[in-house]
Structure formats: structure tokens, C-alpha cells
Amino acid sequence: MPTVDDILEHIGDFHFFQKQTFFLLSLLSVTFAPIYVGIVFLGFTPDHRCRNPGVAGLSQRCGWSRDEELNYTVPGLGAEGDAFTRQCRRYEVDWNQSALGCVDPLAGLATNSSHLPLGPCGHGWVYDSPGSSIVTEFNLVCSNSWMLDLVQSAVNVGFFIGSMGIGYIADRFGRKLCLLITILINATSGVLMAISPTYTWMLIFRLIQGLVSKAGWVIGYILITEFVGLSYRRTVGILYQAAFTMGLLVLTGVAYALPHWRWLQFTVTLPNFCFLLYYWCLPESPRWLITQNKNAKAMKIIKHIAKKNRKRLPASLQSLRPDEEVGKKLDPSFLDLVRTPQIRKHTLILMYNWFTSSVLYQGLIMHMGLAGGDIYLDFFYSALVEFPAALIIILTIDRIGRRYPWAGSNMVAGAACLASVFIPDDLQWLKVTVACLGRMGITLAYEMVCLVNTELYPTFIRNLGVLVCSSMCDIGGILTPFLVYRLTDVWHELPLMVFVVGLIAGGLVLLLPETKGKTLPETIEEVENMQRPRKSKEKMIYLQVKKLDIPLS
């Protein structure tokens, strides 16, 4: 009996139905971008200072300019590296007292203003920003700055928990039902986050978004790869990730037009409600239906695909069997990922690469938001360079292979981070160029680890291997906000020094076997033999043939 892949060769493996489905599912990837890295705009931290009651009245009475007001009333101005004092401390002075003059009002209180006592910002802060963000509304600065880190960590905790359960749910109840449920919860929690009255409620709804949003993105990825033929599966997977990059560009424009975080959150969430219409637009995966012994429903969907593609389904192909024959059942275990030498090496290297890819990708985006330049242009330019990364993968993986482009991209990302540390601020164009190069490198590495992970495990532990290794991506995402924001407080370029871990990741990739042109391994033995030179194997077979021929001559 034919498999689904056999049938797709006759009814179209990437024709009208698949192209339409790919477009619809790619919209899910577009709307996932604001959830993954939207913290750059939602949690933007503008320059700020302590609010001092009485300063505004004194400034108005004396006719001060803004610069004069800051110079007279804000401590730490002009002191190199004294941002904490400038933003989080105030003079312990009663600015309402009439004894204060208009020219150097603090001169009568102390010979040197540095001798005046300083205290915390007891009356809030003044923010130099025309819009609003989570930071400005909930005052997530100074001693509360860690609460901003927690917002992004919460969504990554949601990614981690949601991804752990999505495989079981989608396999148990079907791709379509699971997709629609995640869309509904994602849309609802996103709107509730936009109208949250307190920081705590906002954090809870952000966590819920994380629980379902990445899960929905993964289901969309699974669906599109199950609807297309074998020869197109890798390409649509890469283009599906490229749609995420398109989402980054859209996010930049929307954030520029809507500088208020609640309206921004509401706007980027609203399209998710439209995706509920997919109930009528997308069928269930026929491959999943076959695994559930629902062959009649699967065949009905296949006939629908053939009709959409204007193809006729031959009568000889109107019976189905699973893509893989059922043999001896093997129960996967976590120990299988470390029991044998080669698989253990694969597991450790892949886990490290997932971790570093996440830290560098999210870290570079967050660090860019703290760079002090035009955040919208910088974000836009760095997003654009992700498109060449996808093109490079498509052009090289079947020509050069996986290992060298993957290792090279990691090394480029690490080297770019290191180089950025030593580029002076007056060479801003060079800083931006090197940053974009690093962004392209880590994007390429990120997409490559997604691809290669499935090719380095045998069938019965493949899903488990991808699940365990990719979970390090979410753990990296949990740690990244604290890493970036706290190290930046010490020295602005310090996170970039940490990001050189990409160089190590590139070196470790070279220890993995090349998988270009190789079929997916079925057994542990096949994986253990992947790095044996092919020539030796051919020579061994040749000698056996000669030995068998000798008695016959």
C-alpha cells in the first residue's frame, strides 16, 4: 500500500493547496515575533531621574531651561559611569524652601554639592520619553529593575513548559484542535495583558502567552511539513522561520507608530483572533489521522488536496499505510541520550549549541535596545540581515554540507561580539555593520541547529532528543534577560564579552559528523557508525566480495 509521500507525488507535493496552507501558517510565525522579542519595545527603558516635589515650581519661578534645571537639581550629571546616581538618587533637599536662590541654589547648603546627602527616589521618577512602556508605567527601574528581567524570563518559562507538553498533546488529540486551542488562549491572554491593572497580572498573562505561543508556532511548523512532499520539507521549514523575520520588520513599524506599550500589545495580539477562522481553512494532518487508524478521514482529506491542486487521484492509490512499517516497539528513555559514546557526544554538543544560540540571539536583540541609538532603525537593519541567513542555508546545506556553515556562523557571531567591544563609539557605522554581521551569524546558527538536531538521532529517540536538546534554548532565554540587563549596569559592553561563547560552540560543531546526503538513522548502531570514513566501509565490502569469488575460480 502507498504512503502519503507516494500519493503526494501524484496529486502535487507543493501545489496550490500546499502554497495556500503555507501562507496561512506562515502568518502564525509572523505574529510569534512580537512575543519572542517584543520586550525590546514593550520594556524600553528611557533615560530617567528622581521626581523632586518643588523642583518644577522653582524652575518656573527662576525661568530655568531644561538643562539648567537638570544641572542644578540632579546629582551625578557629567560623572563618567555614574548613571546609577543620576537615575536612582536625589538630593535630600526641601525644594520648596524660599531660601533657595536661582543661581546655584545648593551653594548655600554646602560648599560642594557632592557633600550633600543623597537618598532614594521616594516620589517616583520622571522619564524622558514621549510614549510609555512597562518600565515607565510600573517604575521598573533602580531597585526594581530586576522585575523587567522577570517579564522576559516568564515568557521563556512558558516556552519551556509549553514545549515539553506540546508533543504529547498534538500527537494525542491532533494538530488542528491543538493549534486552535493555543491560538484562542494566546489571543485572549495577550489582550488581557494589554489591559492588566497591575504588574503581577501583567506578568501572569505574559507567562500564559509563553505557555501556548511557542507551542502554536511548533504545531504550525509540524503541519506545513506534513502537508508537503519530502523534497520540499526542508525548504518550507526554513521559509517558515523566515516568516518570523518578516514579523520582526512588521513589529518595528507598529512599535514606531504606537509608542505606548498597551496599544502596541493590543495591536500585535489582535490578528490572532483572525486565525480562529483556520477551523474552516485548514484540514487535519492526514499523516496524523493514519497513525490513529482513521484512514477513511485521511483519504477524504487527500482527495480534498487533489481537488485543490486540480489533480486526479488514481484508484490504485486510494488505500493507505503508515509512512513507517511498525516493527519491534522500542521504548525511548532519557538514558538512551547518553548511554553510547557518539550519541552522548551529540547530546552534549547540541544542548550547548541550543543554549548559546538562544543566549546570543535574544541577548543581541536586548543589548541593541540598550545601545542608546535609534532603536527602531537599529532593530530594522538587524532584522533585515536574517533574510540572507535563510538564503545561505538553502544554497549551502546540500552543496557544502551542514558542519562548516554551521561552525562558521557560530564563530562569526562570537567574533563579531568580541570585535564590537573594541570599536570606538564615534565609528557608529562600523558598530552597526559588525552587529548586523553577528546577528546574521547567530540567525544562521539557530536555524541550522533546528535542522541538524533531527539528523543526529535514531528514529525511536528522535523526538525525545529534539525535545531535550531544544529545551536548553528556553533555559537560555530564561537566563538571558538577567545576564544582559545586569551586566550592562556594570559595563555596557560586558554582555558582548560573554557572548564570545559562540566561538566555543563553533569549535564543538566540528566534532559532529557531516549529515549531508545521508538518510536519517534508524538505529543506535547507525548513529555510532556515522563518523566512520565511507571509503573504509567500501573497501571492506570489496574485500569480502573478492574472498567469496576465490573458491569459484
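Residues numbered from 1 in each chain as written. Predicted model: local features only at pLDDT ≥ 70, side-chain atom pairs only at ≥ 80, totals over all residues. Heavy atoms only, no water.

Colleague: What is the right way to read helix H24 (residues 501-509) from this model?
Modeller: Since the α-helix packs 3.6 residues into each turn, any two residues three or four apart lie on the same face. Looking only at H24, the buried set comprises Gly502, Ala505, Gly506 and Val509. Buried positions in H24, seen along its axis, are confined to an arc of 100 degrees and lie on one side of it. (Buried < 20%, exposed > 50% of the residue type's maximum accessible area, 1.4 Å probe, protein only. Helix = DSSP H or I, 4+ residues; strand = E, 2+ residues; numbered from the N terminus. Arc of directions from axis to C-beta.)

Colleague: So what exactly am I meant to see when it comes to the state of the cysteines here?
Modeller: Covalently bonding the sulfur atom of one cysteine to the sulfur atom of another cysteine gives a disulfide. Using the criterion set out here, one finds 3 disulfides in the structure. Paired through a disulfide, cysteine 62 and cysteine 102 show a sulfur-sulfur distance of 2.0 Å. With the S-S bond torsion at -75 degrees, the cross-link from cysteine 62 to cysteine 102 turns out left-handed. With cysteine 62 in helix H4 (residues 55-62) and cysteine 102 in the loop between strand S2 (89-91) and strand S3 (118-120), the pair connects residues that are 40 residues apart, well separated along the chain. Residue class for cysteine 62 comes out buried when judged on its relative accessible area of 18%. (Disulfide = S-S within 2.5 Å.)

Colleague: Got a minute to help me understand a positive patch on the surface in this structure?
Modeller: On the surface, a cluster of positive charge is contributed by Arg172, Lys294, Lys297 and Lys300. Tracing the backbone shows arginine 172 in helix H8 (residues 146-173). (Patch = residues over 30% accessible without salt bridge, like charges linked within 9 Å, V, L, I, M, F, W, Y side chains within 5 Å. Areas by Shrake-Rupley, 256 points an atom, 1.4 Å probe, with all protein chains shown as cover. Salt bridge = Lys/Arg side-chain N within 4 Å of Asp/Glu carboxyl O. Lys, Arg positive; Asp, Glu negative; His and termini not counted. Charge placed at Lys NZ, Arg CZ, Asp CG, Glu CD.)

Colleague: What exactly am I supposed to notice about the packing of helix H9 (residues 175-194) against helix H12 (residues 261-269) here?
Modeller: Two packed helices can be described by the angle between their axes and the distance between those axes. Close contact between H9 and H12 brings their axes to 8 Å; oriented N to C, the two are set at 170 degrees. On the basis of their axis angle, the class for H9 and H12 is roughly antiparallel. For the pair H9 and H12, the sense of crossing is left-handed. Contacts between H9 and H12 involve Asn186, Ala187, Gly190, Val191, Met193 and Ala194 from the first element and Trp261, Arg262, Gln265, Phe266 and Thr269 from the second. Partitioned by chemical class, the residues of the contact of H9 with H12 number 6 nonpolar, 4 polar and 1 charged. (Axes fitted to C-alpha atoms, helices over the stretch in contact; angles between N-to-C directions. Parallel < 35°, antiparallel > 145°, perpendicular 65-115°, else oblique. Left-handed = near helix turned anticlockwise from the far one by under 90°. Contact = heavy atoms within 4.5 Å. Nonpolar A, V, L, I, M, F, W, Y, C, P; charged D, E, K, R; others polar.)

Colleague: Is there a simple way to think about the confidence of the model for the chain in this case?
Modeller: Note that predicted coordinates carrying low pLDDT should not be read in detail. When the pLDDT values of the chain are averaged, the result is 84; 89% of them are 70 or greater. Mean pLDDT across the secondary structure elements of the chain bottoms out at helix H26 (residues 534-549), with 44, and peaks at H12, with 96. Long-range and interchain partners of residues 534-553, a stretch whose pLDDT sits below 50, account for 1 contact in this model, where long-range means more than four residues apart. (pLDDT = per-residue confidence, 0-100.)

Colleague: Just to check I follow, could you spell out the environment of isoleucine 305 for this structure?
Modeller: Mapping isoleucine 305 onto the fold places it in helix H16 (residues 295-308). We classify isoleucine 305 as buried; its relative accessible area is 2%. Between the C-alpha atom of isoleucine 305 and that of histidine 15, which follows or precedes it by 290 residues, the distance is 9.3 Å. Contacts of isoleucine 305, omitting those with residues within four sequence positions, involve Ile11, Phe17, Gln18 and Phe227.

Colleague: What's the story with the environment of leucine 437 in this structure? I'm lost.
Modeller: Within the secondary structure, leucine 437 is located in helix H21 (residues 428-453). For leucine 437, a relative accessible area of 41% corresponds to the partly exposed category. With 22 residues separating them in the primary sequence, leucine 437 and alanine 415 have C-alpha atoms 9.6 Å apart.

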